[in-house]
Amino acid sequence: MTDVTGAPVATVDVLNTLFHSEQGGHEQVVLCQDRASGLKAVIALHSTALGPALGGTRFYPYASEQDAVADALNLSRGMSYKNAMAGLDHGGGKAVIIGDPELIKTDELLLAYGRFVASLGGRYVTACDVGTYVADMDVVARECRWTTGRSPENGGAGDSSVLTAFGVFQGMRASAQHLWGDPTLRGRKVGIAGVGKVGHHLVEHLLQDGASVVITDVRDESVLRITDRHPEVTVAADTDALIRAEGLDVYAPCALGGALNDDSVPALTAKVVCGAANNQLSHPGVEKDLADRGILYAPDYVVNAGGVIQVADELHGFDFERCKTKAAKIFDTTLSIFARAKDDGIPPAAAADRIAEQRISEARAR
C-alpha cells in the first residue's frame, strides 16, 4: 500500500512522527546498511542540547523496518529525558540493529556498525542495551572510540546493569517513602517481570531489604537462576498472572517497553509501578489511567538511569563508588518528582517530563 508519492504508508507515518508530531523533533536519524555483514541499523539522535547524545544499542528481531525506526525514535527521545533528569551533560540517542542477535550477530556486523557510529564524529556515544553485551561493545570499540560499556580489560566499566538495578531500587525506596511513609520494601510483596540483566540484580536488593519477591520471565533459564539460589522466591506463570497476583504491593516491569497499556493497567493489583524497562507507558494517557486508579508510577527513565550514569562516567575515567553515589541520588530525584506532581496536580510522568524539558530548553537557550 502506497500514498500518492509511491512511498509505503508505514514509512510516511514514521516521517510524520519525525517531522510533525509531539513525539518527534529529532535532530538526526541515520539508516545504516552493510550487506556484506547483514547489518541493518537505525541510529536516532533526539537532542544534543546538553552534550553528545548518549544511549545504548538494541539488537532485536523487529517485525518490520518501520517498527525498528519507530522504536529508535521513541527510545532516543526517552534518553534525552533520562540524561537530563540524571544531571548528565549528554543529550539523547539510541540505536537499533534489526535481526535476531542469536542468529546474525558476528564481529563483522558489529565492526560495520562501529564504523557507522564513528562516522557521526562524536555526536553519538553508544553502549549496551537489549541484545548487546560488554563483549559486543569491545568489538564495536575497535572501529569507534565513542563506545562505552566496554570490559575493564579494554578500558571500560563493564556491566552497567548492576547500577541500573541499584537505581531502580532507590526509586522503589522513594515510592515506599512517598506512599507508606517508610523508605523500605520490608514486608512488601514485589513482582518483577523480567529477571535478565537488570532484574536478577534487583531481586538481590529486594531480598536483602526484606521484601517477598515473585518473578516471571519468558526464559526458563533466567527464572531457574533465581530460584536455584533463592528458593523462597515464587514464580508466576506469566506477566498476566503476575500483575493480578493477590497482595502485590509493587510491580516492576524489567523487560521490554509497553508494559503499561489499556489491558494491563485495569488489571494491576499493585499500588506502585517502578521498574527498569524503557518506555513502559504504551501511549499518552496511560499515566492518567494509573493516577485515576491510585497507582503511583515512578517514571521509568528516572529510576533506570543508573546504567547511563555508569557509561557516562566511563568517558572520564570510571570510578564505581563515584557512580554509585550519583545513582543513589535517584532516591531524592524520584521524591522531588512526586512532590512536583502533587503541587502541579499532574501525574508523576508529566512532572518528570516538565523538569527534563526545562533543563533541555535552558541548555538550548544558552
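Quick notes on the rules
- Residues numbered from 1 in each chain as written.
- Predicted model: local features only at pLDDT ≥ 70, side-chain atom pairs only at ≥ 80, totals over all residues.
- Heavy atoms only, no water.
- Core = buried A, V, L, I, M, F, W, Y, C linked by side-chain atoms within 4.5 Å.
- Buried < 20%, exposed > 50% of the residue type's maximum accessible area, 1.4 Å probe, protein only.
- Helix = DSSP H or I, 4+ residues; strand = E, 2+ residues; numbered from the N terminus.
- Pairing = 2+ DSSP bridges.
- Salt bridge = Lys/Arg side-chain N within 4 Å of Asp/Glu carboxyl O.
- Polar contact = N/O pair within 3.5 Å; in protein donor to acceptor, adjacent residues only side chain to side chain.
- Phe/Tyr/Trp six-rings, centres within 6.5 Å; stacked < 30°, edge-to-face > 60°.
- Lys NZ or Arg CZ within 6 Å of the ring centre and 35° of its normal.
- Arc of directions from axis to C-beta.
- Contact = heavy atoms within 4.5 Å.
- Patch = residues over 30% accessible without salt bridge, like charges linked within 9 Å, V, L, I, M, F, W, Y side chains within 5 Å.
- Areas by Shrake-Rupley, 256 points an atom, 1.4 Å probe, with all protein chains shown as cover.
- Axes fitted to C-alpha atoms, helices over the stretch in contact; angles between N-to-C directions.

Details of the nonpolar core
Next up, step 1: Core analysis: the biggest nonpolar cluster contains 63 residues, and I43, Y113, M172, I192, L202 and L206 have the highest contact counts within it.
Next up, step 2: Per-element tally for this core: the top contributor is helix α4 (residues 107-118), with six residues.

Comments concerning the sheet that holds strand β11 (residues 296-297)
Next up, step 1: One open sheet holds the six strands; their spatial order is β8-β7-β6-β9-β10-β11, and the pairing between them is parallel. The strands lining the two open edges of the sheet, one partner per strand, are β8 (234-235) and β11.

Here's the deal with the pattern of salt bridges
Next up, step 1: Considering all chains together, one arrives at 20 salt bridges under this definition.
Next up, step 2: For R188, the salt bridge goes to D249, with nearest N and O atoms at 3.9 Å. Of this pair, R188 sits in the loop between α6 (161-180) and β6 (189-193) while D249 sits in the loop between α9 (239-243) and β9 (250-253), and the two are 61 residues apart along the sequence.
Next up, step 3: Look at D249 and you get buried, because its relative accessible area is 16%.
Next up, step 4: The salt bridge partner of K288 is D292, with a shortest N-O separation of 2.9 Å. Placement of the pair is K288 and D292 together in helix α11 (residues 286-292), with a separation of four residues, close to one helical turn.
Next up, step 5: The class for K288 is partly exposed, based on a relative accessible area of 48%.
Next up, step 6: The exposure class assigned to D292 is exposed, which follows from its relative accessible area of 54%.

Some details on the side chain of R58
Next up, step 1: Relative to the helices and strands, R58 resides in strand β3 (residues 53-60).
Next up, step 2: In this structure the side chain of R58 is engaged in a polar contact, spanning 2.7 Å, whose partner is the side chain of D129.

Things to note about the packing of aromatic side chains
Next up, step 1: Taken as a whole and judged by the stated rule, the model has three aromatic pairs.
Next up, step 2: With centroids separated by 5.1 Å and ring planes inclined at 75°, the aromatic side chains of Y60 and Y62 adopt a geometry described as edge-to-face.
Next up, step 3: The interplanar angle of 80° and the centroid separation of 5.7 Å between the aromatic rings of Y81 and Y301 together place this pair among those described as edge-to-face. Of this pair, Y81 sits in helix α2 (residues 65-85) while Y301 is found in helix α12 (residues 300-303), placing the two residues 220 residues apart along the sequence.
Next up, step 4: By relative accessible area, Y301 is classed as buried at 9%.
Next up, step 5: Directly above the ring of W180 sits R188, whose terminal nitrogen or CZ lies 3.9 Å from the centroid.
Next up, step 6: Over the face of the ring belonging to F166 we find K324, whose NZ or CZ atom lies 5.1 Å from the ring centre.

Regarding helix α8 (residues 220-229)
Structural remark: α-helix, 3.6 residues per turn; residues separated by three or four positions point the same way.
Next up, step 1: Here α8 has its buried residues at S222, V223, I226 and T227. For α8, the angular spread of the buried residues around the axis is 120°, confining them to a single face. Structural note: α8 exposes D220, D228 and R229 on the side pointing more than 90 degrees away from its buried face.
Next up, step 2: On its buried face, α8 sits against α7 (199-208), β7 (212-216) and β8.

Structural notes on the side chain of T57
Next up, step 1: With respect to the helices, strands and loops of the structure, T57 is situated in strand β3.
Next up, step 2: A relative accessible area of 1% means that T57 is categorised as buried.
Next up, step 3: Here the side chain of T57 touches T126 through a polar contact of 2.4 Å, side chain to side chain.
Next up, step 4: When near neighbours in sequence (up to four residues on either side) are disregarded, T57 contacts A95, I97, Y113, Y124, T126, A127, C128, D129, V130, T132 and M137.

Comments concerning the environment of I192
Next up, step 1: Positionally, I192 belongs in strand β6.
Next up, step 2: C-alpha of I192 to C-alpha of N304: the two residues are 112 residues apart in sequence and 14 Å apart in space.
Next up, step 3: Residues within four places of I192 in sequence aside, it is in contact with G199, L202, V203, L206, V213, V214, I215, T216, L242, A252 and C254.

Overview of a nonpolar patch on the surface
Next up, step 1: Judged by side-chain polarity, Y60, V130 and L256 come together as a nonpolar surface patch covering roughly 200 Å² of accessible area.
Next up, step 2: Tracing the chain through its elements places L256 in the loop between β9 and α10 (264-267).

Description of the sheet that holds strand β2 (residues 39-47)
Next up, step 1: With respect to topology, five strands assemble into an open sheet ordered β1-β2-β4-β3-β5, the strand pairing being mixed. Only two strands of the sheet have a single partner each, and these edge strands are β1 (28-34) and β5 (124-128). Strand-to-strand, the axes of this sheet are offset by a mean angle of 20°, without reference to chain direction.
Next up, step 2: In terms of strand pairing, β3 meets strand β4 (residues 91-98) through six bridges, oriented parallel. The residue bridging F59 from the neighbouring strand is I97, located in β4.
Next up, step 3: Relative to β4, α2 is tilted by about 155°, and along the sheet it contacts β1, β2, β3 and β4.

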